[in-house]
Amino acid sequence: MEKSRTVSLALGSGGARGLAHIGVIQVFEEEGFRIGNIAGSSMGACVGGIYCANKLPTFTDWVLTLNRRETLRLMDFTMSTQGVIKGRKVLEHLKGMLGEIRIEDFEIPYTAVATDVKTKQEVWMRNGDLYSVIRASSSIPTLMMPSKLGDRILIDGGVLNPLPLEPLVPKTTDLLVAVNINANHEGHQRYAEVEVKDGDQKEQTEEETSAYTTRMVNTVKGWLNMNKIEETDSNQDTTLNYLGMLNKTYDFMQDRMCEQSIEIHRPDIVVNIPRHVGTTLEFYRAEEMLEEGRSAAKKAIEAWRKNPIHA
């Protein structure tokens, strides 16, 4: 019989995809592992903090009830140039459901990661009101307004550290586990070589520029009116809107930073959940996200048991 192992969990950022962390935690507990330390960015900070507060079953039951309408109702849209969502309404709802939670009361060490835009620093938060900490760690650029804590202006921890392994090093548990919810699909190549030929470079036409601008405006209107955005261009790739381009760029940087963090710290177990399984705001797909997390965790644990390199 395998002896119980303690694990340190690094829970990555990724919006609604982060609900997969719930399934990962469930499987690790079912498989006899004991969680002894947690660090999280963005949604990883949310799920990890709620787990440390012993409130994860209640939170899980709630997110499984969310549909599209309820998800939109919890988004407090704003006209601010700093973001289109305030992010207060959902945290107020959580506070009403889960009660007051302070990190100092946790039995399990916990770290939430955010980014200070004034000092350009990664910020580790290990005390205080959990909801304020989650809000600071989850302020996705262009989507959510920044959070102010004291003199600091904080945005999403994923900007500098989407997979926070550093707060867990040196490890105080048997195993270090990375839960990467920004993984690329299997077989993805990091780079490609292309042959550039004369005449390949094409100037953007006036019509394409107009379509690009129209899509940008419609995206913002769609968010603020909470209506489904009508897609007028059958080829979305040719007219990526401005906000979409920013978010794509942000995604690409996160993907690469996660890969580099794993290469540097070499966790004992890596749970990979591909980015394509869900988008940032699809919280109404909680059941699917949980199953993605459970499936990926089982696969990662099975692979580790067959070849426990770092054990």
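Trainee: Is there a simple way to explain the overall build of the chain in this structure?
Mentor: On a plain count of helices and strands, the chain comes out with nine helices and eight strands. Counting all 311 residues of the chain, 47% fall into the buried class. Look at the contacts in the chain between residues 6 or more apart in sequence, and 76% of them connect residues 24 or more apart. Of the roughly 16,900 Å² of accessible surface on the chain, 50% is carried by carbon and sulfur atoms.

Trainee: I tried to follow the side chain of Arg294 on my own but got confused; where do I start?
Mentor: As for its placement among the helices and strands, Arg294 is situated in helix H9 (residues 286–306). Among the polar contacts listed, one links the side chain of Arg294 to the side chain of Glu30, at a separation of 2.9 Å.

Trainee: Looking at this model, I keep getting lost on the pairing of strand S7 (residues 175–183). Mind explaining?
Mentor: Working note: regular strand, side chains alternate between the two faces of the sheet. Burial analysis of S7 places nine of its nine residues in the buried class, the great majority of the element. Two elements, strand S1 (residues 6–11) and S7, share five bridges in a ladder whose sense is parallel. Note that in S7 the partner of Leu9 across the bridge is Val177. As paired strands, S7 and strand S8 (residues 269–274) are joined by five bridges and run parallel to one another. Bridge pairing links Val179 to Val271 in S8.

Trainee: Sorry, what's going on with the packing of aromatic side chains here?
Mentor: The geometry of an aromatic ring pair comes down to the distance between the two centres and the angle between the two planes. Overall, the coordinates contain four aromatic pairs when judged by the stated rule. Ring geometry for Phe106 and Tyr110: centres 5.6 Å apart, planes at 75°, overall edge-to-face. Taken as a pair, Phe106 and Tyr110 share a single burial class, namely buried. In this structure an aromatic cluster arises from ring pairing among Phe28, Phe33 and Trp304.

Trainee: Looking at this structure, I do not really get the pattern of salt bridges. What am I missing?
Mentor: Any two side chains of opposite charge can pair, so long as their charged atoms come close to each other. Tallied over the entire structure, the rule returns 11 salt bridges. Of the charged contacts in the structure, one is a salt bridge between Glu282 and Arg285, with a shortest N-O distance of 2.8 Å. We classify Glu282 as buried; its relative accessible area is 17%. On the accessibility criterion, Arg285 (18% relative accessible area) is buried. Linked through salt bridges whose partners overlap, the residues forming this network are Glu282, Arg285 and Glu288.

Trainee: Please explain H9 as it appears in this structure.
Mentor: In an α-helix, one full turn covers 3.6 residues, which means residues spaced three or four apart are oriented alike. With 21 residues, H9 should reach 30 Å at 1.5 Å per residue; the first-to-last C-alpha distance of 30 Å fits that figure. Residues of H9 that are buried: Ala286, Met289, Leu290, Gly293, Arg294, Ala296, Ala297, Ala300, Ile301 and Trp304. Check the buried side of H9 and you find it contacts helix H1 (20–30), helix H3 (56–63), S7 and S8.

Trainee: Would you mind going over the packing of helix H5 (residues 88–98) against helix H6 (residues 130–137) with me for this structure?
Mentor: Relative to each other, H5 and H6 sit at 150°, their axes nearing to 10 Å. Considering their axes alone, H5 and H6 lie roughly antiparallel with respect to each other. Crossing handedness for the pair H5 and H6: right-handed. Judged by residue contacts, Leu91, Leu94, Lys95 and Leu98 of H5 engage Tyr131, Ile134 and Arg135 from H6.

Trainee: How should the nonpolar core be read in this particular structure?
Mentor: What tends to happen in soluble globular proteins is that the nonpolar side chains get buried as a cluster. One finds Phe59, Tyr110 and Val271 to be the most contacted residues of the largest nonpolar core, which totals 61 residues. In this structure, Phe59 is in contact with Leu19, Ile22, Met43, Cys46, Ile50, Leu94 and Leu98, ignoring residues within four places of it in sequence. Of all hydrophobic cores here, the second largest spans nine residues; its members include Leu168, Leu176, Cys258 and Ile262.

Rules of the game
Residues numbered from 1 in each chain as written. Predicted model: local features only at pLDDT ≥ 70, side-chain atom pairs only at ≥ 80, totals over all residues. Heavy atoms only, no water. Helix = DSSP H or I, 4+ residues; strand = E, 2+ residues; numbered from the N terminus. Buried < 20%, exposed > 50% of the residue type's maximum accessible area, 1.4 Å probe, protein only. Contact = heavy atoms within 4.5 Å. Areas by Shrake-Rupley, 256 points an atom, 1.4 Å probe, with all protein chains shown as cover. Polar contact = N/O pair within 3.5 Å; in protein donor to acceptor, adjacent residues only side chain to side chain. Pairing = 2+ DSSP bridges. Phe/Tyr/Trp six-rings, centres within 6.5 Å; stacked < 30°, edge-to-face > 60°. Salt bridge = Lys/Arg side-chain N within 4 Å of Asp/Glu carboxyl O. Expected span 1.5 Å × (residues − 1). Axes fitted to C-alpha atoms, helices over the stretch in contact; angles between N-to-C directions. Parallel < 35°, antiparallel > 145°, perpendicular 65-115°, else oblique. Left-handed = near helix turned anticlockwise from the far one by under 90°. Core = buried A, V, L, I, M, F, W, Y, C linked by side-chain atoms within 4.5 Å.

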